[in-house]
Protein chains: 2
Amino acid sequence: MSVLVVGSIGLDTVKTPIAEHADLLGGSASYASVGASFFTDVNLVGIVGEDFPQAHVDFFGSRKIDLEGLEIVPGKTFRWSGEYHVDLNTRDTRSIALNVFEQFNPTLPPSYNNTPVVLLANIAPTLQSRVLDQMVQPKFVIADTMDLWINIAKDDLLALLKRVDMLILNDGEARQLTGENSLIKAGARIRELGPRYVAIKKGEHGCLLFGENEFFSCAAYPLEEIHDPTGAGDTFAGGLAGYLASQDHGHVTPESLRRAVVFGSVLASYNVEAFSLERLRTLTPEDIKKRYHSFKTMSHFEVA
Amino acid sequence: MSVLVVGSIGLDTVKTPIAEHADLLGGSASYASVGASFFTDVNLVGIVGEDFPQAHVDFFGSRKIDLEGLEIVPGKTFRWSGEYHVDLNTRDTRSIALNVFEQFNPTLPPSYNNTPVVLLANIAPTLQSRVLDQMVQPKFVIADTMDLWINIAKDDLLALLKRVDMLILNDGEARQLTGENSLIKAGARIRELGPRYVAIKKGEHGCLLFGENEFFSCAAYPLEEIHDPTGAGDTFAGGLAGYLASQDHGHVTPESLRRAVVFGSVLASYNVEAFSLERLRTLTPEDIKKRYHSFKTMSHFEVA
């Protein structure tokens, strides 16, 4: 089964304490769709300007990513520039130029309406809802979000949450959304807002998955060096959604969701090893399998 | 096999955002010895004043804790008072009165010298070394420490580290000791200072275990409410050391150490459910077994 991915596609300028690179392929839908494409067919919905390099379009096309939903319109592509602090855990946005993204009003190709798994990657919740309006009985809907929308579009986000099966957000955002300092309480509160499942990403501390009578704690891969954290969360969401779509006709079980969280974590751990999507370009199914096994090994202990 | 525990024994006054209690049983050796006693016989080495309530001595004696090494001397017992911040993750020390602890110069009863597993719970590294001087070929030596000793007695601590098999410390302390922000790097650096194994405690984010070609990530138990974090780390160390001593004649393997980390985490997760050692008083082997199983369940995922 295939997965629909909607989100931003942009050109990023990223500065870390080690290096700076300009005009990199970026955006939540770029990371998420490429991440998902390791597992299944992807229907990509997004918008770029006429300045968007054809090489990036070709890169998407070289993967299992359908491009009928990619709008290329007159104007400039969305741009983001950010600078990471020394510990790479926090960053400042230096500039944002919405450009053609300002006019984004996603209209799905009719062939996309029945995609069973939907990943609403990080964009404004009104746009996420608009995509959902066009879907015909999706089996599993996942939404990602960020602090910006909790700040400026909380009502829209709360309306969206009633319509999704799973919300993905990071620890700070979970605290911000619920007012709960405890992530265990925050996970439970978010489930009361609508989603059956909640994944709280904790960066170097891994990820927590909450469901009904369900709690899964996934470790983080022990990387000594992180080169660029940009897109880690989007890649996680993409890998997770792609894996779910590839399993059991998109029918999600607590067990398949746990495996999906691990696969998402595997992809994210690779992604941060290089700038932009560079590591995903060379990543092989064997690499993924190997690190999945490492996750299993590093969290294993025997029954006492 | 038995475990020797040396550390502080005191009377604590603890204030949390919810409640305040005075003159509670506390100290690193109190938590650690009671924690260890769930698994094996404990030789306790510590000092208290004549004001130390007989009821606390009786409590230790009601467990598998040998009290020949407990000195009761003229003067007042060590006292500590602390106040936790709203999130319970940080605290301020309000007062410390060393009292009889100032004259502590641990001299082991001869019957303690051959104890195979040694837990040097959190006290000054010179005192920890002095205990080690009196041991005859211990099989496995574990040291706990804290930020205070890294600040004021770093050379003593570094000398101690060359003589121990395992160091236990928290994330902030690992960063402080090594100057490495990455815990993965910090764990590796600490191993270069001497200990074959390092456990870095991350509070609500669980615990990382580093060894040669060995990395284990243990989740934290998902508690909605924490009543008093005091002694969590000491209880963790005690449970870990006690379990190791109970296994295979004190011969430690990477597998037994992983299980020991989980048992330590189980005990610590119970301990924070109530003030002082109150929860440990009522804790049963069945409770421990049940939560160990929960740790297994919450970190389990299938091979893909």
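Up top is the structure.
Because the structure is predicted, anything quoted here is derived from the model rather than measured.

*Asks:* Mind laying out the overall build of chain A, listing which residues take part and the relevant values?
*Replies:* Helix and strand counts for chain A stand at 11 helices and 14 strands. The dimensions of chain A, computed from C-alpha atoms along their principal axes, are 65 × 45 × 40 Å. A burial count over chain A gives 60% of its 304 residues as buried.

*Asks:* Summarise the sheet that holds strand β8 (residues 91-97) of chain A; cite the residues concerned and give the values.
*Replies:* All names here are of chain A. One open sheet accounts for 4 strands, arranged β3-β2-β7-β8; its pairing is mixed. Every interior strand has two partners, whereas the edge strands, β3 (20-26) and β8, have only one. With direction set aside, neighbouring strand axes in the sheet form an average angle of 20°. Sheet topology note: the strand β7 (residues 78-84)/β8 ladder contains 6 bridges and is antiparallel. Looking across to β8, one finds that Trp80 is bridged to Ile96.

*Asks:* Give me the lowdown on the relation of the copies chain A and chain B, citing residues and values where you can.
*Replies:* Between the two copies of this chain, the relationship is a rotation about some axis together with a displacement along it. It takes a turn of 180° to lay chain A on chain B, together with a shift of 0.0 Å along the axis; the resulting RMSD is 0.0 Å. Read as a symmetry element, the transformation amounts to a two-fold axis. Residue His205 of chain A of chain A places its C-alpha closer to the rotation axis than any other residue of that unit, at 3.0 Å.

*Asks:* Can you explain the pattern of salt bridges? Please cite residues and give values.
*Replies:* Residues and elements named next belong to chain B. One pass over the full model with this rule turns up 36 salt bridges over all chains. Residue Arg189 pairs with Glu192 through a salt bridge whose shortest N-O separation is 3.9 Å. Within this pair, Arg189 and its partner Glu192 are both found in helix α7 (residues 183-192), separated by 3 residues, close to a single helical turn. A residue is classified by how much of its surface remains accessible, and Arg189, at 27% relative accessible area, is partly exposed. You can call Glu192 exposed: its relative accessible area is 62%.

*Asks:* If you had to explain unusual backbone geometry to someone new, which residues and values would you point to?
*Replies:* Most peptide bonds adopt trans geometry, and most residues besides glycine take a negative phi value. Residue and element names in this part refer to chain A. Although it is not a glycine, Leu88 sits at a positive phi angle of roughly 65°. Following the sequence through the fold, Leu88 ends up in the loop between β7 and β8. You will see that Asn99, though not glycine, has its phi angle at about 50°, which is positive. Within the fold, Asn99 resides in the loop between β8 and β9 (117-120).

*Asks:* Before we move on, could you go through the environment of Ile142 of chain A and cite the residues and values that matter?
*Replies:* Within the fold, Ile142 of chain A resides in strand β10 (residues 140-144). Not counting residues up to four positions away in its chain, the partners in contact with Ile142 of chain A are Val118, Leu119, Leu120, Met166, Ile168, Leu240, Ala241 and Leu244 of chain A.

*Asks:* Can you tell me about helix α5 (residues 154-161) of chain A, naming the residues and giving the values?
*Replies:* Owing to its 3.6 residues per turn, the α-helix brings residues three or four apart onto one side. Residues and elements named next belong to chain A. Of the residues making up α5, those classed as buried are Leu157, Leu160 and Leu161. Relative to the axis of α5, the buried residues are bounded by an arc of 100° and lie together on one face. Against the buried residues of α5 lie β9, α3 (125-133), β10, α4 (147-152), β11 (166-170) and α6 (171-178).

*Asks:* Run through the pairing of strand β4 (residues 42-49) of chain A, naming residues and quoting values.
*Replies:* Residues and elements named next belong to chain A. Judged by how many residues are buried, β4 sits mostly within the fold: 8 of 8 residues are covered. Summarising the sheet, strand β1 (residues 3-6) and β4 pair through 4 bridges and their orientation is parallel. Across the sheet, residue Val5 finds its bridge partner in β4, namely Leu44. Between β4 and its parallel partner strand β5 (residues 65-66), the chain crosses via helix α2 (residues 54-62), and the hand of that crossover is right-handed. Bridge count between β4 and strand β6 (residues 70-73): 4 bridges; the pairing is parallel. Residue pairing across strands places Ile47 opposite Glu71, the latter belonging to β6.

*Asks:* An account of the packing of aromatic side chains is needed here, citing residue identities and associated values.
*Replies:* Within this structure, the stated rule accounts for 24 aromatic pairs over all chains. Aromatic side chains Phe140 of chain A and Tyr197 of chain A sit 6.2 Å apart centroid to centroid with 50° between the ring planes, which places their arrangement in the tilted category. Taken together, the residues Phe140 of chain A in strand β10 and Tyr197 of chain A in strand β12 (residues 197-201) connect sequence positions 57 residues apart. One aromatic cluster is present, formed by Phe39, Phe216, Tyr243, Phe263 and Tyr292 of chain A together with Phe301 of chain B through successive ring pairs. The side chain of Arg291 of chain A reaches across the aromatic face of Tyr221 of chain A, ending 3.9 Å from its centre. Taking the ring centre of Tyr270 of chain A as reference, the NZ or CZ of Arg291 of chain A above it sits at 3.8 Å.

*Asks:* Could you give me a rundown of the nonpolar core, with the residues and numbers involved?
*Replies:* Counting residues in each nonpolar core, the largest one holds 109 residues, and the members touching the most others are Leu120 of chain A together with Met166 and Leu257 of chain B. No other element matches the 9 residues that helix α9 (residues 254-271) of chain B contributes to this core. When sequence neighbours within four positions are dropped, the list of residues in contact with Leu120 of chain A reads Val6, Gln128, Val131, Leu132, Val141, Ile142, Ala143, Asp144, Leu160 and Val164 of chain A. Counting residues in each nonpolar core, the second largest holds 106 residues, with Phe216 and Leu277 of chain A together with Val131 and Leu169 of chain B among its members.

*Asks:* Tell me what's going on with the packing of helix α6 (residues 171-178) of chain B against α7 of chain B, and back it up with residues and numbers.
*Replies:* Residues and elements named next belong to chain B. For the pair α6 and α7, interaxial distance at closest approach is 9 Å and the crossing angle is 65°. Relative to α7, the crossing made by α6 is left-handed. Here Asp171, Ala174, Arg175, Leu177 and Thr178 of α6 come into contact with α7, specifically with Leu183, Ala186, Arg189 and Ile190. Of the residues contributing to the contact of α6 with α7, the split by class is 5 nonpolar, 1 polar and 3 charged.

*Asks:* Could you give an account of the sheet that holds strand β7 (residues 78-84) of chain B, naming the residues involved and the relevant values?
*Replies:* Residues and elements named next belong to chain B. Across the sheet, 4 strands lie side by side as β3-β2-β7-β8; this open sheet has mixed pairing. If you trace the sheet from one side to the other, it starts and ends with β3 (20-26) and β8 (91-97), each paired once. In this sheet, neighbouring strand axes are inclined to one another by 20° on average, regardless of whether the strands run parallel or antiparallel.

*Asks:* Before we move on, can you summarise the packing of helix α8 (residues 232-246) of chain A against helix α9 (residues 254-271) of chain A with the specific residues and values?
*Replies:* All names here are of chain A. Two elements in contact, α8 and α9, have axes whose closest approach is 7 Å; the angle formed by their N-to-C orientations is 140°. Between α8 and α9, the angle falls in the class oblique. For the pair α8 and α9, the sense of crossing is right-handed. Here α8 contributes Ala232, Thr235, Phe236, Gly239, Leu240, Tyr243 and Leu244 to the contact with α9, which in turn contributes Ser256, Leu257, Arg259, Ala260, Val261, Phe263, Gly264, Ser265, Leu267, Ala268 and Asn271. A breakdown of the residues in the contact of α8 with α9 according to their chemical character gives 11 nonpolar, 6 polar and 1 charged.

Rules used in this analysis
Residues numbered from 1 in each chain as written. Chains lettered and ligands numbered in written order. Predicted model: local features only at pLDDT ≥ 70, side-chain atom pairs only at ≥ 80, totals over all residues. Heavy atoms only, no water. Helix = DSSP H or I, 4+ residues; strand = E, 2+ residues; numbered from the N terminus. Buried < 20%, exposed > 50% of the residue type's maximum accessible area, 1.4 Å probe, protein only. Pairing = 2+ DSSP bridges. Axes fitted to C-alpha atoms, helices over the stretch in contact; angles between N-to-C directions. Least-squares fit on C-alpha atoms with pLDDT ≥ 70 in both. Salt bridge = Lys/Arg side-chain N within 4 Å of Asp/Glu carboxyl O. Contact = heavy atoms within 4.5 Å. Arc of directions from axis to C-beta. Right-handed = clockwise from strand over helix to strand, strands pointing away. Phe/Tyr/Trp six-rings, centres within 6.5 Å; stacked < 30°, edge-to-face > 60°. Lys NZ or Arg CZ within 6 Å of the ring centre and 35° of its normal. Core = buried A, V, L, I, M, F, W, Y, C linked by side-chain atoms within 4.5 Å. Left-handed = near helix turned anticlockwise from the far one by under 90°. Nonpolar A, V, L, I, M, F, W, Y, C, P; charged D, E, K, R; others polar. Parallel < 35°, antiparallel > 145°, perpendicular 65-115°, else oblique.

That's the geometry; what it means functionally is another story.
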